[in-house]
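In case you want the letters, here they are:
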Amino acid sequence: MSAISRRRFIRHGAVAGGAAVALPALGGWAGEAFAAQPSPAAAIAGGELVKVTPGDPRYATLVAGANGRWKGTPDYVLVASDADQVVQAVRETLAKGLRFAVKSGGHCYEDFTTNSGVRVLIDISAMAAIEFDASRRAFAIGPGAQLGSVYQKLYDGWGVTLPGGTCPSVAVGGHIPGGGYGPLARSHGITVDYLYAIEIVVVDRAGTVRKIVATREHDDPNRELWWAHTGAGGGNYGIVTRYWFRNDAGGLDPAALLPRAPRELIISEVTFPWDNTMTEAAFSRLLRNFSAWHVANASADHPYARLFSALKPRHRSAGEFLMSTQIDAAVPGADALLDAYLAEIVAGTGLTYTVVTRKRVDWLYNVLNWPGLGGDGFEGKGRFKAKSAYLRKTLPDAQIKAFYKHLTRTDYDNPAALVEIAGYGAAANLPASWATATAQRDSVIKMLFVNLWATEAEDRRNLAWVREFYRDVFAATGGVPRPSGVNDGAFINYADADLADPALNTSGIGWNTLYFKDGYCRLQAAKTQWDPRNVFTHALGIEPA
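Owing to the predicted nature of the structure, the values given are computational and were not obtained by experimental measurement.

(A) Spatial organisation of the sheet that holds strand S5 (residues 130-133). Strand order in the open sheet formed by five strands is S5-S6-S9-S7-S8, and the pairing between neighbours is antiparallel. The sheet is open, and its two edges are formed by S5 and strand S8 (209-215), each paired on a single side. Strand-to-strand twist across the sheet, computed as the mean angle between neighbouring axes with direction ignored, equals 25°. Those strands touched by helix H3 (residues 83-95) are strand S7 (195-203), S8 and strand S9 (239-245), and its axis lies near 130° from that of S8.

Structure, rendered in structure tokens:
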């Protein structure tokens, strides 16, 4: 790969300022990488439920999943444009005894919507309204609304935002229930910290299908159903047909009910070369500095809470790797704070980085014009595998050693293989661990282990690499990021079915503990109450108690 094409690969494939690589992403800053585009269902949905069969030219687009490792083959797709049509779709499908799955944006990492057992796909991506609901003093957003549209509507109308991911085409439907986060998490928390209510279609023990509303009000008899949608992931309890968002502020002014969006950002992108200066000692110090900085700067009150950074070491065959950083330009002394940050990250490493970008940009323009995947090196890489971990403390030497080992392996040479180490904590850690179903509330970093490739013939070696990498990093805790130690489990929106496979997870720590910690029992109780027939399920689905 030439120096120029490698640079394009590093920059465009690097989740800079967003939430992922060439991945579809349910939630998060690292893992969402698609250019914004209208939902294909939007042109189909209308006044009644629409059935699309395999003979229809629209079928292939509707059943396509983000991960090319699977191809959905449902008998048909039901395209719904309102909650009543969703009720009808579920009722008719259950009457036929068919297994179904629900799709809003289609950015699932695993085969939840493309599994061969799914016979009916219910597409709700056309349900994309974004409006202020004065009766609830909250912003009402449909599950099919894409993040780019949400950000633009909220900003243009009221100057506010949600602290979600950066890929414009990720839909609210999958992003929110897993506890979606993004570059504003350190300054404003995560998306579910603002979730006020949901409208949801559920199925009771008798098989009755109905829509209900569940809010966070403490006297709401449906409150546990709201709570279960603040970090358990999607597809567990019903089909959410509307989300409402607001903070706890009083008054009727919409502009006071969500975080104010930044007006301007200072963006920094620097690259580190994989050359003879990148010794194991230098690499180790770099990762140690990055993680230690986030431990030392975890306060939500410090100006650094408005700085977000992600270090993205790629396999050595990429030639170099990127660190992208942004800070709210309105922070007093923002430029000096950014300079001091960069100096701390490279201190004692002996490394010299190349400044690729240093500029001031309009926040909304930056979000809506995220470059996505373009650039040499990504074209055609439609297959991927991702794994995740939270980090609570400075990266230990043993974990860093495993990073270096697998990123410099000579028996593997995929330049689209990496780990993204993304800043977290600060305001994201203000709520108590029990306040939402997102139990990890004292972590300072999220990590995404991922690689991308093109063909089925490459599956075996690429799956082996990322699995071995992950296992070795967490060797001291059985090959998984044990909760409440140096690490704190995994992030459900970076769904990883390996954790539920006893042949691959031999740690003795269940997948449900890794994702939900002690909150799993509470999630099970909600499942038993609201989906006792286990109608809504998938490989990482909550099981009834």
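On we go from here.
(B) View of the sheet that holds strand S1 (residues 50-52). The strand order S1-S2-S4-S3 describes an open sheet built from four strands, whose pairing is mixed. In this open sheet, the two edge strands, each paired with only one partner strand, are S1 and strand S3 (100-103). Neighbour-to-neighbour, the strand axes of the sheet open up by a mean angle of 25°, direction not taken into account. With four bridges joining them, strand S2 (residues 76-79) and strand S4 (residues 120-123) adopt parallel strand pairing. Following the sheet pairing, Tyr-76 is matched in S4 by Val-120.

(C) Inspection of the domain arrangement of the chain at higher detail. Segmentation of the chain into domains returns domain 1 (50-123), domain 2 (130-260) and domain 3 (264-517). For domain 1 and domain 3, the distance between their C-alpha centroids amounts to 33 Å. Considering only the side of domain 1, the residues that lose the most area to domain 3 are Arg-69, Tyr-109 and Glu-110, jointly responsible for 73% of the buried surface there. With a closest N to O distance of 2.7 Å, Lys-385 and Glu-110 form a salt bridge. Summed over the shared surface of domain 1 and domain 3, the result is six residue pairs in polar contact (both at pLDDT 80 or more). For the side of domain 1 that touches domain 3, the residue count by class is three nonpolar, two polar and two charged.

(D) Examining the packing of helix H8 (residues 280-296) against helix H11 (residues 397-407) more closely. In the contact formed by H8 and H11, the axes pass within 10 Å of each other and the chain directions differ by 125°. One way to sum up the angle between H8 and H11 is to call them oblique. Between H8 and H11 the crossing geometry is right-handed. In this structure, H8 uses Glu-280, Phe-283, Ser-284, Leu-287 and Arg-288 to contact H11, whose residues at the interface are Asp-397, Ile-400, Lys-401, Phe-403, Tyr-404 and Leu-407. Split by residue class, the contact of H8 with H11 holds six nonpolar, one polar and four charged.

(E) View of the packing of aromatic side chains. Following the criterion strictly, the structure yields 34 aromatic pairs and no others. Summarising the aromatic geometry, the rings of Phe-139 and Trp-158 are spaced 4.9 Å apart at their centres and angled 70° between planes, so their arrangement reads as edge-to-face. In this pair, Phe-139 sits in strand S6 (residues 138-141) while Trp-158 sits in helix H4 (residues 147-158), placing the two residues 19 residues apart along the sequence. Judged by centre distance (4.8 Å) and plane angle (80°), the ring pair of Trp-293 and Tyr-341 falls under edge-to-face. Of the two residues, Trp-293 is situated in helix H8 and Tyr-341 in helix H9 (residues 334-346); the sequence distance between them amounts to 48 residues. Here the two residues Trp-293 and Tyr-341 agree in accessibility, since each one is buried. A network of ring pairs unites the aromatic residues Tyr-109, Tyr-181, Phe-384, Tyr-390, Tyr-424, Phe-491 and Tyr-494 as a single cluster. The ring of Tyr-76 carries the charged tip of Lys-51 above its face, separated from the ring centre by 4.2 Å. In this structure, Lys-446 is placed above the aromatic ring of Phe-491, and the distance from its NZ or CZ to the ring centre is 3.2 Å.

(F) Up close: the pairing of strand S15 (residues 417-423). Counting buried positions over the seven residues of S15 gives seven, a clear majority of the element. Residues of S15 alternate between two faces, with Ala-417, Val-419, Ile-421 and Gly-423 on one and Leu-418, Glu-420 and Ala-422 on the opposite face, all of them buried. Pairing analysis gives two bridges linking strand S11 (residues 307-312) to S15, with the strands arranged antiparallel. Looking at the pairing, Ala-310 lines up with Ala-422 of S15. With seven bridges joining them, S15 and strand S16 (residues 445-453) adopt antiparallel strand pairing. By the bridge assignment for S16, Gly-423 is matched with Ile-445.

(G) Structural view of empty space enclosed by the protein. On inspection of all chains with the given rule, the structure shows five cavities of 30 Å³ or more. Taken as a whole, the largest cavity holds about 570 Å³ of empty space. For the lining of the largest cavity, the secondary structure elements donating two or more residues are S3, helix H5 (172-175) and S9. If one sorts the elements of the lining of the largest cavity by residue count, S3 sits on top with four residues. Taken together, the residues of the lining of the largest cavity break down into 20 nonpolar, 17 polar and one charged. Space inside the second largest cavity adds up to approximately 90 Å³. Taken together, 13 residues make up the lining of the second largest cavity; nearest its centre are Thr-166, Pro-183, Leu-184, Trp-363 and Val-367.

(H) Expanded view of the nonpolar core. One finds Phe-272, Tyr-341, Phe-403, Met-447 and Phe-449 to be the most contacted residues of the largest nonpolar core, which totals 130 residues. Ranked by the residues each element gives to this core, the list is headed by H9, at seven residues. Grouped together as the second largest cluster of nonpolar side chains are 19 residues, Val-86, Ala-89, Val-90 and Phe-100 included.

(I) Summary view of H4. In a regular helix each residue adds 1.5 Å, so twelve residues correspond to 16 Å; H4 covers 16 Å between its end C-alpha atoms and thus fits that length. Taken together, the buried positions of H4 are occupied by Leu-147, Gly-148, Val-150, Tyr-151, Leu-154 and Tyr-155. When H4 is viewed along its axis, its buried side chains cluster within an angular range of 165° and face the same direction. Elements that come into contact with the buried residues of H4 comprise S5, S6, H5, strand S13 (354-362) and helix H10 (363-368). Of the residues trailing H4, Gly-159 is marked for its positive phi of about 75°.

Conventions we followed
Residues numbered from 1 in each chain as written. Predicted model: local features only at pLDDT ≥ 70, side-chain atom pairs only at ≥ 80, totals over all residues. Heavy atoms only, no water. Pairing = 2+ DSSP bridges. Helix = DSSP H or I, 4+ residues; strand = E, 2+ residues; numbered from the N terminus. Axes fitted to C-alpha atoms, helices over the stretch in contact; angles between N-to-C directions. Contact = heavy atoms within 4.5 Å. Domains from an automatic or database assignment. Buried area = accessible area lost by both parts, 1.4 Å probe. Salt bridge = Lys/Arg side-chain N within 4 Å of Asp/Glu carboxyl O. Polar contact = N/O pair within 3.5 Å; in protein donor to acceptor, adjacent residues only side chain to side chain. Nonpolar A, V, L, I, M, F, W, Y, C, P; charged D, E, K, R; others polar. Parallel < 35°, antiparallel > 145°, perpendicular 65-115°, else oblique. Left-handed = near helix turned anticlockwise from the far one by under 90°. Phe/Tyr/Trp six-rings, centres within 6.5 Å; stacked < 30°, edge-to-face > 60°. Buried < 20%, exposed > 50% of the residue type's maximum accessible area, 1.4 Å probe, protein only. Lys NZ or Arg CZ within 6 Å of the ring centre and 35° of its normal. 1 Å grid on protein atoms, 1.4 Å probe; cavity = no way out; pocket = protein on both sides within 12 Å on 5 of 7 lines; lining within 4 Å. Points joined across faces, edges and corners; volume = space filled by probe spheres on them. Core = buried A, V, L, I, M, F, W, Y, C linked by side-chain atoms within 4.5 Å. Expected span 1.5 Å × (residues − 1). Arc of directions from axis to C-beta.

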